[in-house]
Every structure is written in C-alpha cells, then in structure tokens.
Amino acid sequence: MTHRRTRYPGPIAEARQHPHTLVDQGFAEDAALAAVLDRYPADLFDINLYDYDAEGQVSLRTGARGRLSGEDLLEAIKQGRLWVNLRQVETGWPELWAAAMADFAKIQAAYPGMRAVKTAGQLILSSPKARVPYHFDAAGVVLFHMRGRKRLFIYPGDEQHLPERNMEQVVARQTTEELPYVLAFEGDAQVMDLEPGQALTWPLYAPHRVENLDRFCVSLSMDFQTWPSRFRNGALFTNAVIRSRGGQPRFTDGMSTPELAARWAASLALKRAGAMKSRIAKFERDFEPEVGAADGAGLLTR
C-alpha cells in the first residue's frame, strides 16, 4: 500500500467531492421520476433487497418490475427497503444523461491525464434505510447525488481488502460484485457523506459500501472506462480463464502496460470463443414492489 490508498495506478488517488448541477435542473423531483418509471423498459430494472447478519454478511433477494404505475412504484420505494437501479440511462433518459455528461467533463478536467473512452450510467432510487454491501466496480465511477443523504465507506485497494482472485471472478461474470468482508475493515474506511448537488469520485476499483441516512435517495452512478482500465479488466478476464484451467497467473499489479495490453487482446479472443460463460446472466425473481407491503416487497405476480 502507498499513500494513494490503492495499489492500482490512475489519476484518482482518494475519494473526493465535486459540485454538480443535476438537482437544479429538476431531475430528482417526484413528477420527473414517476414519469421516467412509467416509461422505462422493465428489463432494465434491477430491484434488490439486502439483508445483513451481525457480522455484516449479506444475503440478496431480487425483484421484478411488477405492474405498479410510476407514481405508486416511487411510493413503494419510499416506504420500503429497496435498492432500484435503472440501467442504461444514456438511452433510457437521454436528457439526464446529457446534463450529467456536461458535469462529468468538468470533473474529468480536475484529474490531469484522465480520458474516458466509454461511459454508462444507472439511476439509483433507494429506500430511506437501504444499504448496499461491500463491493467494487470494474470501472471508474462518478456518483452524482441528487436527493436525500447518503454515506459512503471507501476502503483501501490493497490485496487484503480487494483480493485479485475475487476481482477476476467478478470481471468474468462468475459472481456478483460483492467481496469478502469482515467488520475489522471498518477501521480502514474513508467515510464520506453526500448531500444533493455533490458528486463523489474514488480510486479505480476501490471497495466501498453505501448507507442511506433515513431519507429516500436518488443518485446517478456513471461508470467510465479509460484505456488503462480496459487493459486491466481484459487482463483480469484472461487471468480468470487461466486460473479456471489450473494455471497460476501473475497478479495484474505486477504487469507492465504492454503485458496488460496483450492480455486484454487475448481476452477479446477468449470472449469470442465463449471461454467463460456468465453465471449471473439471470437471477430468480421472488418479489415485486408493493405499496404498504413489508420492506416494499410484495408477492410476485406471474
């Protein structure tokens, strides 16, 4: 570990807040959200309900969009314990995306050398007491917070907190983004509270978890890839394939840029050949949102 709080190179060394303009443009108001929920494709909804034991270990339930109107779905989220992601905001809500990209350009300019070559986003609507477990994202992230209060815990990107074998499994879509977690990690966290109008950046891959602070929350999470992050993700995928066949690949933090690029190129061929099939393509849905139901989760209507 270095003072950067991560063993991976990149322009973002630690979590940092930035201003944004999305709140002033009205994107987090009830009427706008209800209208978006009415028209958003059902297959782009991720509806999650997390439960935790005394040691902070998590179990996950997943839900289906259901038949509620946008207004009622919004009310179920406000009353419950749900974490709802609307994927592909870039096509699902292009007006919000255009505004976010304008703010992202200013944030990117604050980090010399950062050049995003690919971006994607998800709108996150979450219940007042919702929490997201310890995990990492296989991309750079800017979290634009628009409503409510949210607390993020960002942890060091060393092997103890971010085992590369687990990263390989996530990048290869063999598991979800959750990582091994122990309560002792809490002493190592950088804790950041977000208010509406604040955006947060953190180092590439940094493990983190999220707690809402007793208010309904709205955020836009923007993922971005640079060429260095694409190379490393490709190397992680190639390493996952090698390891699945009994090999012992070197960790990517010991690889040079040419070696990372070569493993990225190899990953393209491996993916085309179907070398590793996704194990998380489909989740069994066991509830749908319901106003007045416990946790906002009602019986699934087939």
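This text gives an overview of the structure that appears in the document. Per chain, residue numbering runs from 1 following the sequence as it is written. Local features are withheld for residues below a pLDDT of 70 in this predicted model, meaning they are given only at 70 or higher, and side-chain atom pairs are given and counted only at 80 or more; totals for whole chains, interfaces and linings count all residues. Based on all heavy atoms of the structure, the side-chain values leave hydrogens and waters out of the count.

**Brief notes about the overall build of the chain**
So the rule is basically this: Only DSSP runs of H or I reaching four residues or more are called helices, and only runs of E reaching two or more are called strands; each is numbered from the N terminus. Computation of the radius of gyration draws on C-alpha atoms alone. For the globule rule, the value is 2.2 Å times the number of residues to the power 0.38. Partly exposed residues are those whose accessible area sits between 20% and 50% of the maximum for their type, while under 20% is buried and over 50% is exposed, using a 1.4 Å probe and protein chains only. Reported accessibility uses the Shrake-Rupley method at a 1.4 Å probe radius. Residues are deemed covered only where the shown protein chains occlude them.
A count of helices and strands for the chain gives 7 helices and 14 strands. In terms of C-alpha radius of gyration, the chain reaches 19 Å, essentially the compact-globule figure of 19 Å for 302 residues. Taken over the C-alpha atoms alone, the chain extends approximately 55 × 40 × 40 Å along its principal axes. Relative to its full complement of 302 residues, the chain shows a buried share of 51%. Carbon and sulfur atoms provide 51% of the accessible area of the chain, an area that totals close to 13700 Å².

**Regarding helix α7 (residues 257–272)**
Definition in use: Between the first and last residue of a helix there are one fewer steps than residues, each counted as 1.5 Å, and that sum is the expected span. Throughout, the arc means the angular range of directions from the helix axis out to the C-beta atoms. Should any heavy atoms of two residues lie within 4.5 Å, those residues are counted as being in contact.
The first and last C-alpha atoms of α7 sit 23 Å apart over 16 residues, in line with the 22 Å expected at 1.5 Å per residue. Those residues of α7 that fall on the buried side of the exposure criterion are Leu260, Ser267 and Leu270. Burial along α7 is one-sided: seen end-on, the buried residues are contained in an arc of 75°. Every exposed residue of α7 that faces more than 90 degrees away from the buried side is listed here: Pro258 and Arg272. Packed against the buried residues of α7 are α6 (227–244). The positive-phi residue at the C-terminal boundary of α7 is Gly274, with phi of around 70°.

**Thoughts on the layout of surface pockets**
If a probe the size of a water molecule is rolled over the atoms, the empty space left behind becomes visible. Heads up, the rule is: Residues are said to line a cavity or pocket when one of their atoms sits within 4 Å of a point; the points come from a 1 Å grid over protein atoms alone, cavities being sets where a 1.4 Å probe fits but cannot get out and pockets being open sets with protein on both sides within 12 Å along at least five of seven lines. Grid points are joined across faces, edges and corners, and a volume is the space filled by probe spheres set on the points. All amino acids are sorted into three groups, where Ala, Val, Leu, Ile, Met, Phe, Trp, Tyr, Cys and Pro are nonpolar, Asp, Glu, Lys and Arg are charged, and the leftover types, Gly among them, are polar.
The volume enclosed by the second largest pocket comes to roughly 340 Å³. For the second largest pocket, the lining is made up of 22 residues, of which Pro9, Gly10, Leu204, Thr226 and Pro228 are closest to its centre. Breaking the lining of the second largest pocket down by element, the ones donating at least two residues are β7 (140–147), α6 and α7. Ranked by the residues each element gives to the lining of the second largest pocket, the list is headed by α6, at 5 residues. In terms of residue class, the lining of the second largest pocket is built from 13 nonpolar, 6 polar and 3 charged.

**Section: the packing of aromatic side chains**
Rules: In this analysis, rings of Phe, Tyr and Trp, with Trp reduced to its six-membered ring, are considered paired at centre separations within 6.5 Å, and the interplanar angle assigns stacked below 30 degrees, edge-to-face beyond 60, and tilted for intermediate values. Sitting over a ring, as applied to charges here, requires NZ of Lys or CZ of Arg to be within 6 Å of the ring centre and within 35 degrees of the ring normal.
Inspection of every chain in the model, using the stated rule, returns 12 aromatic pairs. Note on Phe27 and Trp93: the rings are 5.5 Å apart at their centroids and 80° apart in plane angle, and the pair reads as edge-to-face. With Phe27 in the loop between β1 (16–19) and α1 (30–39) and Trp93 in the loop between α3 (89–92) and α4 (94–109), this pair connects stretches of sequence that are 66 residues apart. The exposure class of Phe27 is buried, given its relative accessible area of 10%. Relative to Tyr181, the ring of Tyr134 lies with its centre 5.3 Å away and its plane at 45°, an arrangement referred to as tilted. One end of the pair, Tyr134, is in strand β6 (residues 131–135); the other, Tyr181, is in the loop between α5 (164–171) and β9 (190–194), and 47 residues separate them in sequence. Like Tyr181, Tyr134 is buried. Here the aromatic cluster, defined as three or more aromatic residues joined through ring pairs, consists of Tyr134, Tyr155, Tyr181 and Phe185. The ring of Phe153 is capped by Arg209, whose NZ or CZ atom sits 3.8 Å from the centre of that ring.

**Overview of unusual backbone geometry**
Phi is positive for Gln88, which is not a glycine, with a value near 55°. For Gln88, the location among the structural elements is in the loop between β4 (83–87) and α3. The phi torsion at Arg173 lies on the positive side, around 60°, for a residue other than glycine. Relative to the helices and strands, Arg173 resides in the loop between α5 and β9.

**Here's the deal with the sheet that holds strand β11 (residues 208–212)**
Put simply, the rule reads: Only when DSSP finds a minimum of two bridges between them are two strands counted as paired. To get an axis, a line is fitted to the C-alpha atoms, and for a helix only the part in contact is used. The angle between two axes follows their N-to-C directions and goes from 0 to 180 degrees.
Overall, antiparallel pairing links the 4 strands, which are arranged β6-β11-β8-β9 in an open sheet. Taken across any chain shown, the strands that pair with only one partner, and hence form the sheet edges, are β6 and β9. Here the average twist between neighbouring strands, direction ignored, is 15°. In terms of strand pairing, strand β8 (residues 150–154) meets β11 through 5 bridges, oriented antiparallel. Within the sheet, the bridge partner assigned to Lys150 lies in β11 and is Asn212.

**Remarks on the nonpolar core**
The cut-off we apply is this: Only buried residues count toward a nonpolar core. Its members are Ala, Val, Leu, Ile, Met, Phe, Trp, Tyr and Cys residues joined through side-chain atoms within 4.5 Å.
By size, the foremost hydrophobic cluster in this structure holds 41 residues, and its most contacted members are Leu22, Leu96, Leu123, Leu125, Phe144 and Met146. Broken down by secondary-structure element, the contributors of at least two residues to this core are α1, β2 (45–52), α2 (70–79), β4, α4, β5 (118–126), β7 and β12 (217–225). Per-element accounting of this core gives the leading share, 6 residues, to α4. Setting aside residues no more than four positions away along its own chain, Phe144 makes contact with His20, Leu22, Ala100, Asp103, Phe104, Ile107, Gln198, Ala199, Val218, Ser219, Leu220 and Met222.

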